[in-house]
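Analysis of the macromolecular model
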Amino acid sequence: MHKLMMRLAKSMAYLGGAVLTLLIILTCVSIAGRLLNGVFHGDLMERIAPGFSKWMTGWVGPVNGDFELVEAGVAFAIFAFLPLCQITAGHASVDVVANAFPRGVNRFLRMVTEIVFAAALILIAWRLGAGLASKFSNGETSFLLEFPVWWAYGISMVAAIVAAIVGIYMGAVRTIEFFTGRILIWDGVEGEQ
């Protein structure tokens, strides 16, 4: 089961990474276009080569609706990285006091933390589903590109559902570990094996 969950989490992370890479390229192209448009609109270019300047400003500029695509893509990427972060215990934690606790107390804290994370991820997926239904029914579109807003909710909800599934799995694993005293998934948090 762990291999399946790890494959699922890694697949989502790769997909999130691909989306972020495309968003970085889109942002760079848009910024370069905005800068070049400013150069071609500048006094110097209009004095040196007015025809060329006018021709270039006709097609060089920022990507229309870039911020709308970045907004939707980053929302998806955040949810796409959550499963891998959850399964590898990659969330930020402050262990200054917890390191002094006995092993049983730390296992209890890990179990409670994983259960709370799973509950939060289920809540997020549920509310994204409600938002998706609302945006789908009212037909809201983005301002510039006019793509349906529910698309962004839909892809984010798929990633949030995967995160919730992985969260439930990790909650179950840490609960079994707490009650049996055995480490089922060693992630380096508890020290040496």
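Procedures and definitions
Residues numbered from 1 in each chain as written. Predicted model: local features only at pLDDT ≥ 70, side-chain atom pairs only at ≥ 80, totals over all residues. Heavy atoms only, no water. Core = buried A, V, L, I, M, F, W, Y, C linked by side-chain atoms within 4.5 Å. Buried < 20%, exposed > 50% of the residue type's maximum accessible area, 1.4 Å probe, protein only. Helix = DSSP H or I, 4+ residues; strand = E, 2+ residues; numbered from the N terminus. Contact = heavy atoms within 4.5 Å. Axes fitted to C-alpha atoms, helices over the stretch in contact; angles between N-to-C directions. Parallel < 35°, antiparallel > 145°, perpendicular 65-115°, else oblique. Left-handed = near helix turned anticlockwise from the far one by under 90°. Phe/Tyr/Trp six-rings, centres within 6.5 Å; stacked < 30°, edge-to-face > 60°. Lys NZ or Arg CZ within 6 Å of the ring centre and 35° of its normal. Polar contact = N/O pair within 3.5 Å; in protein donor to acceptor, adjacent residues only side chain to side chain. Patch = residues over 30% accessible without salt bridge, like charges linked within 9 Å, V, L, I, M, F, W, Y side chains within 5 Å. Areas by Shrake-Rupley, 256 points an atom, 1.4 Å probe, with all protein chains shown as cover. Salt bridge = Lys/Arg side-chain N within 4 Å of Asp/Glu carboxyl O.

Side chains of a nonpolar character, in soluble globular proteins, are inclined to be buried together. Counting 11 residues, the largest nonpolar core is built from Met12, Phe76, Phe79, Ala80, Ala125, Leu128, Leu132, Met157, Ala159, Ala160 and Val162. When residues of this core are traced back to their parent elements, those giving at least two are helix H4 (66-87), helix H5 (103-138) and helix H6 (150-180). No other element matches H6, which puts 4 residues into this core. Leaving out residues up to four positions away in the same chain, Met157 has contacts with Ala125, Leu128, Gly129 and Leu132.

At their nearest, the axes of H5 and H6 sit 7 Å apart, and the two run at 160° to each other. As summarised for this structure, H5 and H6 are arranged roughly antiparallel, according to the angle between their axes. Considering how the two elements wind past one another, H5 and H6 form a crossing that is left-handed.

Topologically, Gly181 is positioned in the segment after H6. According to the relative accessible area criterion, Gly181 is partly exposed, its value standing at 39%. Sequence separation of Gly181 and Gly129 is 52 residues, and the distance between their C-alpha atoms is 37 Å. Apart from residues no more than four positions distant in its own chain, Gly181 is found in contact with Arg107 and Ile176.

As a further point, take the packing of aromatic side chains. Under the defined criterion, the tally for this structure stands at 6 aromatic pairs. Measuring from ring centre to ring centre gives 6.0 Å for Phe147 and Trp151, while their planes differ by 15°; the resulting arrangement is stacked. The exposure class assigned to Phe147 is buried, which follows from its relative accessible area of 13%. Judged by centre distance (5.0 Å) and plane angle (75°), the rings of Phe178 and Phe179 are edge-to-face. Residue class for Phe178 comes out partly exposed when judged on its relative accessible area of 28%. A relative accessible area of 62% means that Phe179 is categorised as exposed. Three or more aromatic residues link up through ring pairs in this structure, and these residues are Phe136, Phe147, Trp150 and Trp151. Over the ring of Trp126 we find Arg127; its NZ or CZ atom is 4.7 Å from the centre of that ring.

Turning our eyes to something else, we now look at the side chain of Ser142. Mapped onto the fold, Ser142 is located in the loop between H5 and H6. A distance of 3.0 Å separates a polar atom in the side chain of Ser142 from a polar atom in the side chain of Glu68. Ignoring sequence-local partners within four residues, the contact set of Ser142 consists of Glu68, Phe147 and Val149.

Time to look at the environment of Pro83. Mapping Pro83 onto the fold places it in helix H4. Distance in space between the C-alpha atoms of Pro83 and Phe178 is 22 Å, their sequence separation being 95 residues. Not counting the four nearest positions on each side in its chain, Pro83 is found in contact with Ala9, Met12, Ala159, Val162, Ala163 and Val166.

A few words now on a nonpolar patch on the surface. A contiguous nonpolar surface patch, about 790 Å² in accessible area, is contributed by Val94, Val96, Val97, Phe101, Val105, Phe108, Leu109, Val112 and Val116. Considering the arrangement of structural elements, one finds Leu109 in helix H5. Overall, Leu109 belongs to the partly exposed group, its relative accessible area being 34%.

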